[in-house]
Amino acid sequence: MRQGHFLNLLLAGGLALPMLCGAARANPVVLFDLKSGKVLEHQDAFKRWYPASLSKLMTAYVTFRAIGAGEVALDSPIKVTKHSAGEPPSKMGFKPGSVMRLDNALKMMLVKSANDIAMAVGENIGGSQEAFADRMNAEAARLGMTGTHFVNPNGLYSPDQYTTARDLAVLVTALRNDFPQYAPWFSIEGLAVGKKALPNYNLLIGRYPGADGMKTGFVCSSGFNMIGSATRNGRTLVAVVLGEKSAISRAEAAAKLLDQGFDTPAAGSTTLAALKPYGDTLSPNDLHDEICKKKTKEEQSEAAPTVDAKNKPKSPYQVKLDHPTLIAVGLGGATGPAPKAFVDQTDQNYADVPLPTWRPDKPLPADAAPAATGTAAAAVQGDQPAKAAN
């Protein structure tokens, strides 16, 4: 057992928790039973961590809530803004002004982990990135995600965007219990966009028996994050793994946790709700230099490393699926109600044109007001509405 782990259990009130056997881990993990909420294993569950694209699970949750409230519908239009189109990969690459159905946008966001689409969803539903982040934080507070804060809907690095393994487990529980109708979206094997096939970055899907979700994430500072879920004989387990060193190792780590969980009786006295904070909950763990200074650009990706035909894959999670089931997505078909927040925001667009001033070499008209001078003139221009993001 890792040194200090026994003390962590005492602090967590989980002395009777049946910890699973296995090698000591150096990164945060939580393994729990979705139905009962019982925690089968945890380590550094309250350690502050950068969520990367696991943030998109909260983007999905806020969006599902908006659908439930009647703000939008699955066929509502999501417009790619100039700002969202400029987000870095992973992305779909649609041009500003492109419009798609909300359900297609969400599938691209969850399967391809498209940063541009996540930003477009946030801007359309929230009215702006900032307003949508406020909604993300409001939901996090309502759910009891006490160690989480968001500033963007896609998870691109920000020192002010952080979470914990325990909070992510709480979010997954809410997603699966509150919106079971969308559960199939988390197990899509791949997308078809025209003639292009986009595989799911979650390497458990189609490879691990019973795998049915949920999401991966990567930025240099977070390392390779993953939430993997699987259902066997009516029992659903969820593994949260943060800070792994590669796309393959995170899949292997999640699979090993799930294996151990399914081999363990559904016992345990500690639940997610009862798990108390322990350890350092404030200091972020930045893996940027460790993860990205020593890796090639290809390795700094959500995608699994390619394998030459003559070489045998080193892991079962590196094998490509022979005939993945692909879900067709694309632009167009959005006939539902436009998101009100986005319409309200775009209605406030103003041309970025300076206020006209009278030429100094010409006399003022008789009915003209005196010209503003000095700071007064600056104040007049400063009162003009800023050009809204589009």
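Structural data are supplied above this passage.
Residues numbered from 1 in each chain as written. Predicted model: local features only at pLDDT ≥ 70, side-chain atom pairs only at ≥ 80, totals over all residues. Heavy atoms only, no water.

(A) Inspection of the overall build of the protein chain at higher detail. Per the secondary structure count, the protein chain includes 11 helices and 10 strands. Expressed as a percentage of its 390 residues, the buried residues of the protein chain come to 51%. Taking contacts inside the protein chain between residues at least 6 apart in sequence as the whole, the part at least 24 apart equals 70%. With an accessible surface of roughly 18,400 Å², the protein chain has 55% of that area assigned to carbon and sulfur atoms. (Helix = DSSP H or I, 4+ residues; strand = E, 2+ residues; numbered from the N terminus. Buried < 20%, exposed > 50% of the residue type's maximum accessible area, 1.4 Å probe, protein only. Contact = heavy atoms within 4.5 Å. Areas by Shrake-Rupley, 256 points an atom, 1.4 Å probe, with all protein chains shown as cover.)

(B) Fine view of the state of the cysteines. Tallied over the entire structure, the rule returns one disulfide. Here cysteine 220 pairs with cysteine 292 through a disulfide, and the sulfurs are 1.9 Å apart. Its torsion about the S-S bond being -90°, the disulfide of cysteine 220 and cysteine 292 is classed as left-handed. In this pair, cysteine 220 is assigned in the loop between β7 (211-219) and β8 (223-232) and cysteine 292 in helix α9 (residues 288-292), connecting sequence segments 72 residues apart. Neither cysteine 220 nor cysteine 292 differs from the other in exposure class; each is buried. (Disulfide = S-S within 2.5 Å.)

(C) Representation of the sheet that holds strand β5 (residues 190-193). Spatially, three strands are ordered β6-β5-β10 in an open sheet, and the strand pairing comes out mixed. Because the sheet does not close on itself, it has two edges, and the strands there are β6 (196-199) and β10 (326-328). Taking the axes of each pair of neighbouring strands and ignoring which way they run, one obtains an average angle of 30° across the sheet. As paired elements, β5 and β6 share four bridges and run antiparallel to each other. Pairing of valine 193 across the sheet is with lysine 196, part of β6. Across the sheet, helix α4 (residues 102-112) touches β5, β6 and β10, and the angle it forms with β5 is around 125°. (Pairing = 2+ DSSP bridges. Axes fitted to C-alpha atoms, helices over the stretch in contact; angles between N-to-C directions.)

(D) The arrangement of the environment of serine 158 in detail. Within the fold, serine 158 resides in the loop between α6 (129-143) and α7 (165-178). A C-alpha to C-alpha distance of 9.2 Å links serine 158 and alanine 52, two positions 106 residues apart in sequence. In contact with serine 158, not counting residues within four places along its chain, are Tyr50 and Val151.

(E) The arrangement of the side chain of asparagine 154 in detail. Note on placement: asparagine 154 falls in the loop between α6 and α7. The buried category is assigned to asparagine 154, whose relative accessible area is 0%. At 2.9 Å, the side chain of asparagine 154 forms a polar contact with the side chain of glutamate 87. A polar atom in the side chain of asparagine 154 sits 3.2 Å from the backbone nitrogen of leucine 156. Once you skip the residues sitting within four places of it in the chain, asparagine 154 turns out to touch Ala52, Ser53, Ser55, Lys56, Glu87, Asn115, Ala118 and Met119. (Polar contact = N/O pair within 3.5 Å; in protein donor to acceptor, adjacent residues only side chain to side chain.)

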